[in-house]
Amino acid sequence: MTVSPGNKAILLIADSERDADMLYAAGLFVPDPFTFLQVAGRTTIMMSDLEIDRARTQSKVDEVVSLTDYSDRAKKNGNANPGLIDAVSELLRERDVQGISVPNSFPLGYADRLRERGFEVAPKEDPFWDQRPVKTDDEVATIAGVSRHTEDALRMAFGILADASVKDGLLHGPEGPLTSEYIRKRIHVYLLERDCIAQHTIVAGGVQGCDPHNGGSGPLHPGEPIIFDLFPKSTKTGYFADITRTVAKGPVSNAFRRLYDTVLEGQEIALTRVRAGVDGQEIHREVERLFESRGYETGAKNGRMQGFFHGTGHGFGLEIHEPPRISKVSQTLVAGHVVTVEPGLYYPDLGGGVRIEDNVVVTENGCVNLTRLEKMFEV
């Protein structure tokens, strides 16, 4: 792995459970902060006694060294109570490192203490790992595997809707009125049994779906669109999938049917435009033009946003949102990018919204759709 500019060493201090750059570099999950160093292409992690043996067998770095050893060196050099940065400083001096490149998220306290010890610390703009947005074949296969579980979880949830009865204007399941919370719990359990963790899953019915990140709550109703947005992470690899479908326990109104058909048309247009060398901004504008031509306006009305007010897509991998974007911001797509394609339309006055989302790999001549889940509105 290499980071530009210059010939500075690369330093990360973070846990790899939450920091995707560290997970990408080290290749194993560690819940507490540890140190990664790259000098002249050679990668090293410095681990506590608790983690060192596991790291030697599970990490993908060239070398694993002991935090205790470098803390002891700091003691011998006159520091009676060395902390982590003292041990890191000993490692840097041993490797003749004077300047280091760190992520924008590098802790300010660590940077200040390293500068006090004479090291030059320079943050690098995101993405920190230049090659991370471009996925390897193995990464694509991993994402596709998470996608299969996500699709099966959605099919299970749609089955619950299909089997529901209608009583007093509400959907009813085996435990009474069918709620967003009940379906979300079923989805989470289903995915957990397949080594995937889903958090903040969206099951938002009716007007709740007009806020794209509203998780949804309460009873679900027939005839209204329900937005299902699942973005689980593999507990084995840390890679995400991100799939959205909008379905309804029919019949639905002509207004909702037209809304759904327009969003689906917008997604199909975007999918045909995705390819290496294309600016995501142009794809987004084309979707906007379609929606406007169909009479779907975007902007604030009665104190709420309506229409198409988010991006058409985003990259993902070890994080649910990664570069690039397919949005109002100009960013060129590159072969190997894995992105979502997820236009949506939302109208509180109408009583609901629609979003449809697939995951694709950008290629030189187009894209490969990793999402196999059927698209249907009524169940």
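Rules used in this analysis
- Residues numbered from 1 in each chain as written.
- Predicted model: local features only at pLDDT ≥ 70, side-chain atom pairs only at ≥ 80, totals over all residues.
- Heavy atoms only, no water.
- Helix = DSSP H or I, 4+ residues; strand = E, 2+ residues; numbered from the N terminus.
- Buried < 20%, exposed > 50% of the residue type's maximum accessible area, 1.4 Å probe, protein only.
- Contact = heavy atoms within 4.5 Å.
- Areas by Shrake-Rupley, 256 points an atom, 1.4 Å probe, with all protein chains shown as cover.
- Lys, Arg positive; Asp, Glu negative; His and termini not counted.
- Charge placed at Lys NZ, Arg CZ, Asp CG, Glu CD.
- Pairing = 2+ DSSP bridges.
- Axes fitted to C-alpha atoms, helices over the stretch in contact; angles between N-to-C directions.
- Salt bridge = Lys/Arg side-chain N within 4 Å of Asp/Glu carboxyl O.
- Parallel < 35°, antiparallel > 145°, perpendicular 65-115°, else oblique.
- Nonpolar A, V, L, I, M, F, W, Y, C, P; charged D, E, K, R; others polar.

> What is the right way to look at the overall build of the protein chain in this model?
On a plain count of helices and strands, the protein chain comes out with nine helices and 23 strands. Each of the three principal axes of the protein chain carries a C-alpha extent, and together these read 75 × 45 × 40 Å. Within the span of the protein chain, comprising 379 residues, buried residues form 54% of the whole. Across the protein chain, every contact between residues at least 6 apart in sequence was considered, and the portion connecting residues at least 24 apart equals 63%. Element-wise, carbon and sulfur atoms account for 48% of the exposed surface of the protein chain, whose accessible area totals about 16700 Å². Here the protein chain carries 42 positive and 55 negative side-chain charges, and the mean point of each set is 1 Å from the other.

> How do you make sense of the sheet that holds strand β9 (residues 176-177) when you look at a structure like this?
Adjacent strands of a sheet pair through backbone hydrogen bonds, lying either parallel or antiparallel. Strand order in the open sheet formed by three strands is β7-β8-β9, with antiparallel pairing between adjacent strands. Bordering the open sheet on either side are β7 (165-167) and β9, each of which pairs with just one other strand. The sheet contact formed by β7 and strand β8 (residues 170-173) spans three bridges and is antiparallel. Counted as the bridge partner of lysine 167 is leucine 170 from β8.

> Would you mind showing me how to read the pairing of strand β12 (residues 226-230) here?
Both faces of the sheet carry side chains from a regular strand, because those side chains alternate between them. Counting buried positions along β12 yields five of five residues, so the element is predominantly enclosed. Residues Ile226, Phe228 and Leu230 point to one face of β12 and Ile227 and Asp229 to the other, with burial holding for every one of them. Across four bridges, the pairing between strand β11 (residues 202-205) and β12 is antiparallel. Paired with isoleucine 202 across the strands is aspartate 229, a residue of β12. Where β12 meets strand β14 (residues 243-247), five bridges bridge the pair, whose relative direction is antiparallel. Bridge assignment links isoleucine 226 to a residue of β14, and that residue is valine 247.

> Looking at this structure, how should I read the environment of alanine 157?
On the secondary structure map, alanine 157 appears in helix α6 (residues 137-163). Using a relative accessible area of 0% as the deciding quantity, one classes alanine 157 as buried. The spatial distance from the C-alpha of alanine 157 to the C-alpha of histidine 213 is 19 Å, given a sequence separation of 56 residues. With near-sequence residues (within four places) excluded, alanine 157 lies in contact with Ile183, Ile187 and Phe228.

> Is there a simple way to explain the sheet that holds β14 in this structure?
Strand order in this open sheet of three strands is β11-β12-β14, and the pairing throughout is antiparallel. Looking at which strands have only one partner, the edges of the open sheet turn out to be β11 and β14. Each adjacent strand pair in this sheet contributes to an overall mean axis angle of 10°, direction not counted. Taken strand by strand, α6 contacts β12 and β14, and its axis lies near 155° from that of β12.

> Is there a simple way to think about the environment of asparagine 81 in this case?
The topology assignment puts asparagine 81 in the loop between α3 (67-76) and α4 (84-94). Take asparagine 81: its relative accessible area is 69%, and that puts it in the exposed class. A C-alpha to C-alpha distance of 34 Å links asparagine 81 and glutamate 125, two positions 44 residues apart in sequence.

> What am I meant to see in the pattern of salt bridges here?
Should their charged atoms come close, side chains of opposite charge can pair. Enumeration over the complete set of coordinates arrives at 32 salt bridges. Between aspartate 112 and arginine 115 there is a salt bridge, with its nearest N and O atoms 3.8 Å apart. Of the two residues, aspartate 112 and arginine 115 are both situated in helix α5 (residues 108-116); the distance of three residues between them amounts to about one turn of the helix. Judged by its relative accessible area of 35%, aspartate 112 falls in the partly exposed class. The exposure class of arginine 115 is partly exposed, given its relative accessible area of 38%. Of the charged contacts, one joins aspartate 152 and arginine 155 as a salt bridge, the two residues approaching to 3.0 Å between their closest N and O atoms. Linking aspartate 152 with arginine 155, this pair stays in helix α6, spanning three residues, or about one helical turn. Here the salt bridges share partners, and the residues they tie into one network are Asp21, Arg132, Lys135, Glu319 and Glu322.

> Just to check I follow, could you spell out the packing of α3 against α4 for this structure?
Helices that pack against each other are described as a pair by the angle of their axes relative to one another and the distance between those axes. Where α3 contacts α4, the two axes come as close as 8 Å, and the packing angle between them is 90°. Put simply, α3 runs roughly perpendicular to α4. Here α3 contributes Leu67, Tyr70, Ser71, Arg73 and Ala74 to the contact with α4, which in turn contributes Leu84, Asp86, Ala87, Glu90, Leu91 and Glu94. A breakdown of the residues in the contact of α3 with α4 according to their chemical character gives six nonpolar, one polar and four charged.

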